[in-house]
Amino acid sequence: MSSYPGKITRLRPVTERSIGTTAFFRNRALLNVLFDELRKCGQPHYSVLFHASSIGAEVYSFVIHYLVKDYSEDFSLTVDATDLEPGFVEYARNGRYPAEILDGLDGSEQSCFVRDCDTARVAESVRQHTNFMDAADFMQFRARREYDVVVLLNALIYVPAEQQARLLDRIGSYNSRFLVTTGFHSDSIKADLVRNGYRPVNRELKSIHDGWTDRRVNAPVAEHRPGIYADWSLPEYAEIDDYQYKFCSVFVKSADPAT
């Protein structure tokens, strides 16, 4: 088992209209499952899109995991990313973070950064796999290609349930394989996903659910207010009705939408 020298450093950029809470390696269990699924599929190349990518920590974590775990021997990657906030996108392109982020990484992950006094710069070997596109609202995004993997984390709480439905219909039109999402309207997520041919990847459901440590609470926290339409918190894992959807973060398109 890997040991990490310190706790994960939360990054919380804020603008007048956006809160971009993020962290490097925010959920390792999710990365392990997703990359194993990509390897199992056997494609030689995967195209990936990150919506709501904040200042890029989770995008770079994805690429670093790919490199240090030697998945590059199995398949190649192209990774596009965008966010609503132009300042967040520019920060991500610059790739410089507080040096404290290194405390939550193991040695191989730390080697993907260049330490410069109080900052850590993402190494060029990682940056060359990423393309931070111009700022874009995920509700208005017009895909110019099909993506094998689309990632949308902790963003659907900012839209009403009916907009979640429209967005997932839209994403389903340009996402061919895996959808990674959390922070959604749990009462309607199953219907929205099934309608678009997705089914849950049920491996390590509890480990991934519990891996969202900044959102896991023992008692739900209701924070519905203007601009926030669903609970940000995650309750204790339980096999309730439709738990395979409500407590899942990785979904795959099924050849048979009815399955």
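Source: prediction; values computed, not measured.

Caption draft 1: Structural detail: helix H1 (residues 28-41). Taking 1.5 Å of rise per residue, the 14 residues of H1 would be expected to cover 20 Å, and the 20 Å separating its terminal C-alpha atoms lies within 8% of that figure. For H1, every residue scored as buried is listed here: Leu-30, Leu-31, Val-33, Leu-34, Phe-35, Glu-37 and Leu-38. Where H1 begins, one side-chain oxygen reaches toward the backbone nitrogen of Ala-29, 3.3 Å away; that side chain belongs to Asn-27. Gly-42 sits one or two residues past H1 and shows a positive phi near 80 degrees.

Caption draft 2: Region of interest: the environment of Ile-228. Take Ile-228: it is sitting in the loop between helix H8 (205-211) and helix H9 (243-246). Taking the relative accessible area as the measure of exposure, Ile-228 reaches 8% and is therefore buried. Sequence-wise, Ile-228 and Pro-160 are 68 residues apart; in three dimensions their C-alpha atoms are separated by 8.1 Å.

Caption draft 3: Spatial organisation of the pattern of salt bridges. Summed over all chains, the structure comprises 16 salt bridges. Two residues, Arg-96 and Asp-116, come together in a salt bridge whose shortest N-O distance is 3.6 Å. Pair noted here: Arg-96 is in strand E5 (residues 96-98) and Asp-116 is in strand E6 (residues 113-116), with a separation of 20 residues, a long-range link. Arg-195 is the partner of Asp-192 in a salt bridge, and the nearest nitrogen-oxygen pair spans 3.1 Å. Within this pair, Asp-192 and its partner Arg-195 are both found in helix H7 (residues 186-195), separated by three residues, close to a single helical turn. By relative accessible area, Asp-192 is classed as buried at 4%.

Caption draft 4: Local environment of the pairing of strand E7 (residues 119-122). Residues Ala-120 and Val-122 line the buried face of E7, whereas the alternating positions Thr-119 and Arg-121 sit on a face that is not buried. Relative to E7, E5 is paired through three bridges, and the arrangement is antiparallel. Paired with Tyr-97 across the strands is Ala-120, a residue of E7.

Caption draft 5: Here's a closer look at the sheet that holds E7. Pairing is antiparallel in the open sheet, where three strands are placed in the order E5-E7-E6. In this open sheet, the two edge strands, each paired with only one partner strand, are E5 and E6. Each strand axis lies, on average, 30 degrees off the axis of its neighbour in the sheet, ignoring direction. Relative to E7, E6 runs antiparallel, the two being bridged by four bridges. Paired with Val-114 across the two strands is Arg-121, which belongs to E7.

Caption draft 6: Spatial organisation of unusual backbone geometry. Look at Ser-54: it is not a glycine, yet its phi comes out positive at around 55 degrees. Along the chain, Ser-54 falls in the loop between strand E3 (45-50) and helix H2 (57-68). Of note, the phi angle at Glu-204 is positive, near 55 degrees, even though the residue is not glycine. Tracing the chain through its elements places Glu-204 in the loop between strand E11 (198-200) and H8. What makes Glu-204 partly exposed here is its relative accessible area of 46%.

Caption draft 7: Region of the structure containing the packing of H1 against H2. Taken N-terminus to C-terminus, the directions of H1 and H2 make an angle of 60 degrees; their axes are 11 Å apart at the nearest point. Considering the angle they form, H1 stands oblique to H2. Seen along the crossing, H1 lies across H2 with a hand that is right-handed. Taking contact as the criterion, the partners of Leu-31, Asn-32, Leu-34 and Phe-35 in H1 are, on H2, Ser-61, Phe-62, His-65 and Tyr-66. Of the residues assigned to the contact of H1 with H2, the class counts are five nonpolar, three polar and no charged.

Caption draft 8: Structural detail: the layout of surface pockets. By volume, the largest pocket amounts to about 1000 Å³. Residue lining of the largest pocket: 43 residues in total, with Ile-19, Asn-154, Ala-155, Ile-157 and Tyr-158 positioned closest to the centre. When residues of the lining of the largest pocket are traced back to their parent elements, those giving at least two are H2 and strand E9 (147-153). Considering only residue class, the lining of the largest pocket consists of 20 nonpolar, 12 polar and 11 charged. When its volume is computed, the second largest pocket comes out at roughly 340 Å³. For the lining of the second largest pocket, the class distribution of residues is 10 nonpolar, eight polar and four charged.

Caption draft 9: Highlighting the pairing of E3. Along E3, five of the six residues are buried, which leaves the element largely enclosed by surrounding structure. Looking at chain direction, E3 and strand E4 (residues 76-81) are connected through six bridges and run parallel. By the bridge assignment for E4, Ser-47 is matched with Thr-78. Read as a crossover between parallel neighbours, the route from E3 over H2 to E4 is right-handed. Here E3 pairs with E9 via three bridges, running parallel.

What counts as what
Residues numbered from 1 in each chain as written. Predicted model: local features only at pLDDT ≥ 70, side-chain atom pairs only at ≥ 80, totals over all residues. Heavy atoms only, no water. Helix = DSSP H or I, 4+ residues; strand = E, 2+ residues; numbered from the N terminus. Expected span 1.5 Å × (residues − 1). Buried < 20%, exposed > 50% of the residue type's maximum accessible area, 1.4 Å probe, protein only. Polar contact = N/O pair within 3.5 Å; in protein donor to acceptor, adjacent residues only side chain to side chain. Salt bridge = Lys/Arg side-chain N within 4 Å of Asp/Glu carboxyl O. Pairing = 2+ DSSP bridges. Axes fitted to C-alpha atoms, helices over the stretch in contact; angles between N-to-C directions. Parallel < 35°, antiparallel > 145°, perpendicular 65-115°, else oblique. Left-handed = near helix turned anticlockwise from the far one by under 90°. Contact = heavy atoms within 4.5 Å. Nonpolar A, V, L, I, M, F, W, Y, C, P; charged D, E, K, R; others polar. 1 Å grid on protein atoms, 1.4 Å probe; cavity = no way out; pocket = protein on both sides within 12 Å on 5 of 7 lines; lining within 4 Å. Points joined across faces, edges and corners; volume = space filled by probe spheres on them. Right-handed = clockwise from strand over helix to strand, strands pointing away.

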